[in-house]
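# An overview of the molecular structure
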Amino acid sequence: MFEMSRRAVLGSAAAAAAFGLASKLEIVAPALAASPDEPATGFYRYKVGDIEVTAIYDGIWRKPHDPAFIKNASVDETKAALAKANLPTDFMPIPLTVVVLNLGGRLIMMDAGSGVGQWQANATHLPANMAAAGIDYKKIDTVMISHFHPDHVWGLMEKGSNAPVFANAELVVHSTEYNWWTDPARVDSLPEGRRAAGKRIAAVFPTWKNWKLAEDGAEVAPGIQLVSAPGHTPGHAGYLVSSANSQLLVSADIMYVPALLAPHPEWQGSYDQDGPMAIDSRRKLIDRVIADKIAICGSHFPFPGSGSFVKDGNAYAFTPTIQA
């Protein structure tokens, strides 16, 4: 189903010009084998039928352990799950990968990344890695958004000015997600920790005219279908990519930390706005992936952000893609 290849990141001054940030921030491509929990390469290519997929490393959140992170599991239980998956246990490793699809020369970006220095201090690598992969962000035709959490959409906006990074690209999102987050009346009802993000979204996104709102099942580009997966956010969505009898589900945060949620799909994350609904979406889509033999990638899977699931009783087992 896949033809895989990889290339090393090549740091260059030109990379810093990506996203119009050269005069504002110093952007450094990650060194090879910079640290044990970061990849040795910053991008990874494979094929889904005739579509070229480039997975691009944005960075990692080394999240301190927090008993509230998983509502129905203890820190000891989450550490045990990480250890079983051979991942670091002294913090919660949450890497971030962005996918770019090349459909016969048309470039489609799946989520926009976290914005350099806007989400986590260790998530600064997307522009450099995109440039190293030979992808010019100015030539992105479409950005398909899974949901409006900062690590997925802050890359749409320049830091400080909130100016659009992809002013000429079409921005696709589930209508429920857009309408929920851009309703100013929602802001005050958000938990305090999310209120600033809600205010920024409600103030900025409605001023842009390049949004395309879509519904569940809509074909949003040739061979790409929006798949509703609510719960993590009200209009959270994945995208099913189909080409030449091959399929890939770009799953975003449906199974955001597979080391935890594959063996424990009933665990509810603190970032799930509706925990039971998120669990239901998770099970439905992972069961579909397994039954229909669909490849899957996820925003927070270990880089290069793809892998495979199999049933394991009432749970799942996940095997990440290993870079050759």
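Everything numeric here is computed off the predicted structure, so don't read it as measured data.

## Some remarks on the pattern of salt bridges
- Under the criterion given, the structure shown has eight salt bridges.
- Among the salt bridges present, the one from Arg62 reaches Glu38, with a minimum N-O distance of 3.9 Å. Of this pair, Arg62 sits in strand 3 (residues 51-63) while Glu38 sits in the loop between strand 1 (4-7) and strand 2 (43-48); the two residues are 24 residues apart in sequence, bridging distant segments of the chain.
- Note that Lys311 is salt-bridged to Asp287, the shortest N-O span being 3.4 Å. One end of the pair, Lys311, is in strand 14 (residues 306-312); the other, Asp287, is in helix 8 (residues 275-291), and 24 residues separate them in sequence.
- One salt-bridge network, in which partners are shared between bridges, spans Asp37, Glu38 and Arg62.

## Points about the pairing of strand 15 (residues 315-320)
- Bridge count for strand 14 against strand 15 is six bridges, and the pairing is antiparallel. Bridge pairing in strand 15 places Ser308 opposite Thr319.
- As consecutive antiparallel partners, strand 14 and strand 15 are separated by two residues, and within that stretch Gly313 has a phi angle of approximately 65°, a positive value.

## Topic: the layout of surface pockets
- Its boundaries defined by the atoms lining it, the largest pocket holds a volume of some 880 Å³.
- Along the walls of the largest pocket sit 35 residues, with Ala85, Asn86, Leu87, Pro302 and Pro320 positioned nearest its centre.
- For the lining of the largest pocket, the secondary structure elements donating two or more residues are strand 3, helix 1 (75-84), strand 4 (92-103), helix 7 (258-261) and strand 15.
- Split by residue class, the lining of the largest pocket holds 25 nonpolar, five polar and five charged.

## Quick word on helix 6 (residues 192-204)
- Given a rise of 1.5 Å per residue, 13 residues ought to cover 18 Å, and the 19 Å separating the end C-alpha atoms of helix 6 matches this to within 8%.
- Close packing links the buried residues of helix 6 with helix 3 (150-153), helix 4 (175-181) and helix 5 (184-187).

## Things to note about the side chain of Arg282
- Along the polypeptide, Arg282 turns up in helix 8.
- On the basis of relative accessible area, Arg282 is assigned to the buried category, the value being 0%.
- Setting aside its immediate chain neighbours within four residues, Arg282 contacts Ile254, Met255, Tyr256, Leu261, Pro265, Trp267 and Asp272.

## Side note on the confidence of the model for the protein chain
- Chain-level pLDDT for the protein chain is 89 on average; 89% of the residues reach the 70-or-more range.
- Counting interchain partners and residues more than four positions distant, the pLDDT-below-50 stretch residues 1-33 has 75 contacts.

## Re empty space enclosed by the protein
- On inspection of all chains with the given rule, the structure shows four cavities of 30 Å³ or more.
- As a volume, the largest cavity reaches approximately 140 Å³.
- Thr97, Met110, Asp111, Val250 and Ser299 are the residues nearest the centre of the largest cavity, which is lined by 19 residues in total.
- Listed by contribution, the elements that provide at least two residues to the lining of the largest cavity are strand 4 and helix 3.
- For the lining of the largest cavity, the element with the highest residue contribution is strand 4, accounting for four residues.
- For the lining of the largest cavity, the class distribution of residues is nine nonpolar, eight polar and two charged.

## Points about the side chain of Asp111
- Counting through the fold element by element, Asp111 comes out in the loop between strand 5 (106-110) and helix 2 (126-132).
- No salt bridge is formed by the buried Asp111. Its closest oppositely charged neighbour is Arg200, at 14 Å.
- One polar contact links the side chain of Asp111 to the main-chain amide nitrogen of Ser146, over a distance of 2.7 Å.
- For Asp111, the contacting residues outside a window of four places in its chain are Val98, Val143, Met144, Ile145, Ser146, His147, His152, Ala252 and Ser299.

## A closer look at the packing of aromatic side chains
- Per the stated rule, a full pass over the model turns up 17 aromatic pairs.
- Residues Phe148 and Phe205 carry aromatic rings whose centres are separated by 4.9 Å and whose planes lie at 70° to one another, so their mutual orientation is edge-to-face. Here Phe205 lies in the loop between helix 6 and strand 8 (211-214) and Phe148 lies in the loop between strand 6 (140-144) and helix 3, a separation of 57 residues in the sequence. Each member of the pair Phe148 and Phe205 is classed as buried.
- For the pair Phe301 and Phe318, a centre-to-centre distance of 5.0 Å together with 65° between the ring planes defines the contact as edge-to-face. Taken as a pair, Phe301 in the loop between strand 13 (295-297) and strand 14 and Phe318 in strand 15 lie far apart in primary sequence, 17 residues in all.
- Accessibility expressed as a relative area gives 0% for Phe301, which makes it buried.
- Geometry around Trp154 places Arg200 over its ring, the cationic atom sitting 4.5 Å from the centre.

Calculation criteria
Residues numbered from 1 in each chain as written. Predicted model: local features only at pLDDT ≥ 70, side-chain atom pairs only at ≥ 80, totals over all residues. Heavy atoms only, no water. Salt bridge = Lys/Arg side-chain N within 4 Å of Asp/Glu carboxyl O. Helix = DSSP H or I, 4+ residues; strand = E, 2+ residues; numbered from the N terminus. Pairing = 2+ DSSP bridges. 1 Å grid on protein atoms, 1.4 Å probe; cavity = no way out; pocket = protein on both sides within 12 Å on 5 of 7 lines; lining within 4 Å. Points joined across faces, edges and corners; volume = space filled by probe spheres on them. Nonpolar A, V, L, I, M, F, W, Y, C, P; charged D, E, K, R; others polar. Expected span 1.5 Å × (residues − 1). Contact = heavy atoms within 4.5 Å. Buried < 20%, exposed > 50% of the residue type's maximum accessible area, 1.4 Å probe, protein only. pLDDT = per-residue confidence, 0-100. Lys, Arg positive; Asp, Glu negative; His and termini not counted. Polar contact = N/O pair within 3.5 Å; in protein donor to acceptor, adjacent residues only side chain to side chain. Phe/Tyr/Trp six-rings, centres within 6.5 Å; stacked < 30°, edge-to-face > 60°. Lys NZ or Arg CZ within 6 Å of the ring centre and 35° of its normal.

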